[in-house]
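# Observations on the three-dimensional arrangement
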Amino acid sequence: MAQAMRPNTAGGLFATDGKPHPLQETLLAVTMALGLTAFISAQFHNLHLLSSWTGLVGILTGAYGQWVSVTTRERFGLILGLGLSAVGFFLGMAHGGLFGGVVD
(Lines give C-alpha, C1' and ligand atoms only; values in the text may rest on other atoms or scores of the structure.)
Protein backbone atom coordinates (compact mmCIF):
# COMPACT_ATOMS: atom_id res chain seq x y z
CA MET A 1 0.00 0.00 0.00
CA ALA A 2 2.97 2.31 -0.44
CA GLN A 3 1.49 3.62 -3.68
CA ALA A 4 -1.47 5.04 -1.77
CA MET A 5 0.83 7.45 0.06
CA ARG A 6 2.44 8.99 -3.03
CA PRO A 7 0.61 11.59 -5.10
CA ASN A 8 0.15 10.86 -8.78
CA THR A 9 2.12 13.54 -10.62
CA ALA A 10 2.68 11.60 -13.83
CA GLY A 11 -0.65 12.45 -15.43
CA GLY A 12 -2.05 15.70 -16.68
CA LEU A 13 -0.82 18.45 -18.91
CA PHE A 14 -0.04 20.77 -16.03
CA ALA A 15 1.90 18.25 -13.96
CA THR A 16 4.61 19.68 -11.76
CA ASP A 17 7.38 18.20 -9.69
CA GLY A 18 6.21 19.95 -6.51
CA LYS A 19 9.32 22.13 -6.20
CA PRO A 20 9.49 25.91 -6.57
CA HIS A 21 11.08 27.29 -9.74
CA PRO A 22 11.17 31.09 -9.31
CA LEU A 23 13.34 31.82 -12.38
CA GLN A 24 11.21 29.69 -14.68
CA GLU A 25 7.95 31.11 -13.31
CA THR A 26 9.24 34.66 -13.79
CA LEU A 27 10.29 33.92 -17.36
CA LEU A 28 6.88 32.38 -18.01
CA ALA A 29 5.05 35.44 -16.68
CA VAL A 30 7.27 37.88 -18.58
CA THR A 31 6.96 35.93 -21.83
CA MET A 32 3.17 35.76 -21.54
CA ALA A 33 2.89 39.49 -20.74
CA LEU A 34 5.18 40.45 -23.62
CA GLY A 35 3.39 38.06 -25.96
CA LEU A 36 -0.04 39.44 -25.14
CA THR A 37 1.22 43.02 -25.48
CA ALA A 38 2.87 42.27 -28.82
CA PHE A 39 -0.15 40.41 -30.19
CA ILE A 40 -2.71 43.01 -29.13
CA SER A 41 -0.64 46.01 -30.24
CA ALA A 42 0.07 44.34 -33.60
CA GLN A 43 -3.60 44.74 -34.48
CA PHE A 44 -3.02 48.51 -34.83
CA HIS A 45 -0.76 49.71 -37.66
CA ASN A 46 0.50 52.77 -35.78
CA LEU A 47 1.78 50.65 -32.85
CA HIS A 48 4.31 48.71 -34.92
CA LEU A 49 7.25 49.88 -32.79
CA LEU A 50 5.63 48.54 -29.62
CA SER A 51 4.55 45.25 -31.18
CA SER A 52 7.85 44.53 -32.92
CA TRP A 53 10.06 45.30 -29.91
CA THR A 54 7.88 43.52 -27.34
CA GLY A 55 7.59 40.59 -29.74
CA LEU A 56 11.36 40.39 -30.16
CA VAL A 57 12.03 40.56 -26.41
CA GLY A 58 9.24 38.04 -25.81
CA ILE A 59 10.82 35.63 -28.28
CA LEU A 60 14.19 35.96 -26.55
CA THR A 61 12.83 35.51 -23.02
CA GLY A 62 10.66 32.61 -24.16
CA ALA A 63 13.59 30.89 -25.84
CA TYR A 64 15.71 31.21 -22.70
CA GLY A 65 12.76 30.02 -20.63
CA GLN A 66 12.46 26.93 -22.80
CA TRP A 67 16.14 26.25 -22.32
CA VAL A 68 15.94 26.34 -18.50
CA SER A 69 12.39 25.01 -18.04
CA VAL A 70 11.84 21.97 -15.88
CA THR A 71 8.18 20.99 -16.04
CA THR A 72 5.60 20.47 -18.76
CA ARG A 73 3.44 23.25 -17.32
CA GLU A 74 6.26 25.77 -17.78
CA ARG A 75 6.96 24.60 -21.31
CA PHE A 76 3.28 24.76 -22.28
CA GLY A 77 2.91 28.35 -21.10
CA LEU A 78 6.17 29.36 -22.70
CA ILE A 79 5.08 27.97 -26.06
CA LEU A 80 1.86 30.02 -25.87
CA GLY A 81 3.83 33.15 -25.02
CA LEU A 82 6.36 32.44 -27.75
CA GLY A 83 3.60 32.03 -30.32
CA LEU A 84 1.94 35.30 -29.34
CA SER A 85 5.29 37.09 -29.34
CA ALA A 86 6.20 35.73 -32.76
CA VAL A 87 2.88 36.74 -34.33
CA GLY A 88 3.15 40.20 -32.78
CA PHE A 89 6.75 40.53 -33.91
CA PHE A 90 6.07 39.51 -37.49
CA LEU A 91 2.98 41.71 -37.82
CA GLY A 92 4.91 44.60 -36.29
CA MET A 93 7.67 44.05 -38.83
CA ALA A 94 5.12 43.99 -41.64
CA HIS A 95 3.58 47.26 -40.42
CA GLY A 96 6.81 49.20 -40.21
CA GLY A 97 9.52 47.35 -38.34
CA LEU A 98 11.75 47.95 -35.36
CA PHE A 99 12.92 51.43 -36.33
CA GLY A 100 9.84 53.09 -37.76
CA GLY A 101 10.03 52.56 -41.50
CA VAL A 102 6.98 53.69 -43.40
CA VAL A 103 5.08 51.01 -45.35
CA ASP A 104 2.26 52.05 -47.67
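So, a few notes on the structure that sits alongside this text. (Residues numbered from 1 in each chain as written. Predicted model: local features only at pLDDT ≥ 70, side-chain atom pairs only at ≥ 80, totals over all residues. Heavy atoms only, no water.)

### Some points on the packing of helix H1 (residues 22–41) against helix H3 (residues 72–95)
Just so we agree on the cut-off: Only C-alpha atoms enter the line fits that serve as axes; for helices the fit covers just the stretch in contact. Angles between N-to-C directions range over 0 to 180 degrees. The way it works is that DSSP assigns letters per residue, a run of H or I at least four long becomes a helix, a run of E at least two long becomes a strand, and they are numbered from the N terminus. Here the angle decides the label: under 35 degrees means roughly parallel, over 145 means roughly antiparallel, 65 to 115 means roughly perpendicular, and every other value means oblique. With the far helix as reference, a near helix turned anticlockwise by less than a right angle produces a left-handed crossing, and one turned clockwise produces a right-handed crossing. We call two residues in contact when some of their heavy atoms are within 4.5 Å. Gly counts as polar in this scheme, as do all residues outside two lists: the nonpolar Ala, Val, Leu, Ile, Met, Phe, Trp, Tyr, Cys and Pro, and the charged Asp, Glu, Lys and Arg.
Running from N to C, H1 and H3 point in directions that differ by 25°, and their axes come no closer than 7 Å. As judged from the angle between their axes, H1 and H3 are roughly parallel. H1 and H3 meet at a crossing whose hand is left-handed. For the pair formed by H1 and H3, the contact residues are Gln24, Glu25, Leu27, Leu28, Thr31, Met32, Leu34, Gly35, Leu36, Ala38 and Phe39 on the first element and Arg73, Glu74, Gly77, Leu78, Leu80, Gly81, Leu82, Leu84, Ser85, Val87 and Gly88 on the second. Its residues assigned to classes, the contact of H1 with H3 comprises 12 nonpolar, seven polar and three charged.

### Quick notes on the environment of Gln24
Heads up, the condition is: Here's how the labels work: a residue is buried when its accessible area is under 20% of the maximum for its type, exposed when over 50%, partly exposed in between, all with a 1.4 Å probe on protein chains only.
Topologically, Gln24 is positioned in helix H1. What makes Gln24 buried here is its relative accessible area of 13%. Those residues in contact with Gln24 that sit more than four places away from it in its chain are Val68, Ser69, Val70 and Glu74.

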